[in-house]
Amino acid sequence: MKASYWKDKIVLVTGGSSGLGLELTLAFAKHGARVVIAALEKEAVETVTQDFQNQGLNVTGFQVNVCRDEDVQRLKEEIVARYGKLDALVNVAGRTDRGKMLNCDAAHFAKVMELNFIALVRVTHTFLPMLLESRGNVINIGSLASKSASCWTGAYPASKHAVAAYSQQLRLEHGRDGLKTLLVCPGPIQRETERLYPLEGLEDLPESARRPGAGVKVKKLSPEFLVSEILRASEKGEPDLVLPKKARILFTINQMFPKLGDWLVLKNT
């Protein structure tokens, strides 16, 4: 049986204690990787790390605020001391957003951009020399919003568009050095219980804004399928992964015919 591409690789997952980050941590660990979780909530990190270790999986966890330089530097020192290298970085940590443009000022945008984009850059830049040395993998979790904006989603699309541009720049400058950079653009993910966005203070938004994707009309993705596709695409060195795949049609129309693209976005949200 062919050994997994990820066996014995050191993989860092930000936001790895919940949601998609937790699913990815489990998948990498089951493929034989040695996974490091970096997440904000200390209790959650300790709980999920212990749970993985009880399953015999090689997972360690650290409480890290990726919005703080000193926390990310401390994390690097821990990884260097324990493993001496890093083979893959998975940037999952982020937040969604809701709001009307009329109510989203520069301070609002700055707050969302700080976690969704600036923190991602902070972590990636800190570990980039190690990843170049290992000819490793960067996986940036974007969104369908990385390719097309939509109504009522506040600063979220702008922050995810920035992630898309940064991912492309990494590919252009460091692809020749062996770095594999994957931008993941998923639609809403299927959950046992649908997560609804709280609209306290945002009562002027339509009820659909509470739903994942602010009511985008696409079939929700199975987390197991999404995770398996992420690992496959990263291993193969693919530049981006858009799911559902048919969303690419809308993105192409958006670029070629913006007016028609806007009409289709409004029709499907």
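Fair warning: this is a prediction, and the values are worked out from it, not measured in the lab. (Residues numbered from 1 in each chain as written. Predicted model: local features only at pLDDT ≥ 70, side-chain atom pairs only at ≥ 80, totals over all residues. Heavy atoms only, no water.)

Visitor: Quick question: what am I supposed to make of the pairing of strand β4 (residues 88-91) here?
Guide: Within a regular strand, side chains alternate between the sheet's two faces. Where burial is concerned, the two faces of β4 agree: the one with Ala 88 and Val 90 and the one with Leu 89 and Asn 91 are both buried. In the sheet, strand β1 (residues 10-14) pairs with β4 via 4 bridges, with the strands oriented parallel. Note on β4: the bridge partner recorded for Leu 12 is Leu 89. Of the crossover connections in this fold, the one passing from β4 over helix α4 (residues 106-134) to the parallel strand β5 (residues 137-141) is right-handed. (Buried < 20%, exposed > 50% of the residue type's maximum accessible area, 1.4 Å probe, protein only. Helix = DSSP H or I, 4+ residues; strand = E, 2+ residues; numbered from the N terminus. Pairing = 2+ DSSP bridges. Right-handed = clockwise from strand over helix to strand, strands pointing away.)

Visitor: Can you help me understand helix α1 (residues 19-30) in this one?
Guide: Each full turn of the α-helix corresponds to 3.6 residues, which orients residues three or four apart in the same direction. Spanning 12 residues, α1 covers 17 Å between terminal C-alpha atoms, matching the ideal 16 Å at 1.5 Å per step. Along α1, the positions that sit buried rather than exposed are Gly 19, Leu 20, Gly 21, Leu 24, Thr 25, Ala 27, Phe 28 and Ala 29. Two residues or fewer past α1, Gly 32 is found with a positive phi of approximately 95 degrees. (Expected span 1.5 Å × (residues − 1).)

Visitor: Help me understand the side chain of Ser 148, please; the structure alone is not making it clear to me.
Guide: Locating Ser 148 in the fold gives a position in the loop between β5 and α5 (156-174). Within the structure, Ser 148 has its side chain in polar contact with the side chain of Asn 254 (distance 3.0 Å). When residues no more than four places from it in sequence are discounted, the contact partners of Ser 148 are His 161, Phe 251, Asn 254 and Val 265. (Polar contact = N/O pair within 3.5 Å; in protein donor to acceptor, adjacent residues only side chain to side chain. Contact = heavy atoms within 4.5 Å.)

Visitor: What exactly am I supposed to notice about the packing of aromatic side chains here?
Guide: A ring pair, where both rings are aromatic, is described by two values, the distance of the centres and the angle of the planes. A full pass over the atoms with the stated rule returns 3 aromatic pairs. Plain terms: the ring middles of Trp 6 and Phe 28 are 4.9 Å apart, the flat faces sit at 80 degrees to each other, and that makes the pair edge-to-face. With Trp 6 in the segment before β1 and Phe 28 in helix α1, the pair connects residues that are 22 residues apart, well separated along the chain. Note on Trp 6: relative accessible area 1%, which makes it buried. Judged by centre distance (6.1 Å) and plane angle (85 degrees), the rings of Phe 117 and Tyr 166 are edge-to-face. In this pair, Phe 117 sits in helix α4 while Tyr 166 sits in helix α5, placing the two residues 49 residues apart along the sequence. When its relative accessible area of 16% is taken as the criterion, Phe 117 is described as buried. An aromatic cluster is present here, built from Tyr 5, Trp 6 and Phe 28 joined pairwise through their rings. Over the aromatic face of Tyr 5 sits the side chain of Lys 9, whose NZ or CZ is 4.7 Å from the ring centroid. The residue whose ring lies beneath Arg 98 is Tyr 197, and the NZ or CZ to ring-centre distance is 4.9 Å. (Phe/Tyr/Trp six-rings, centres within 6.5 Å; stacked < 30°, edge-to-face > 60°. Lys NZ or Arg CZ within 6 Å of the ring centre and 35° of its normal.)

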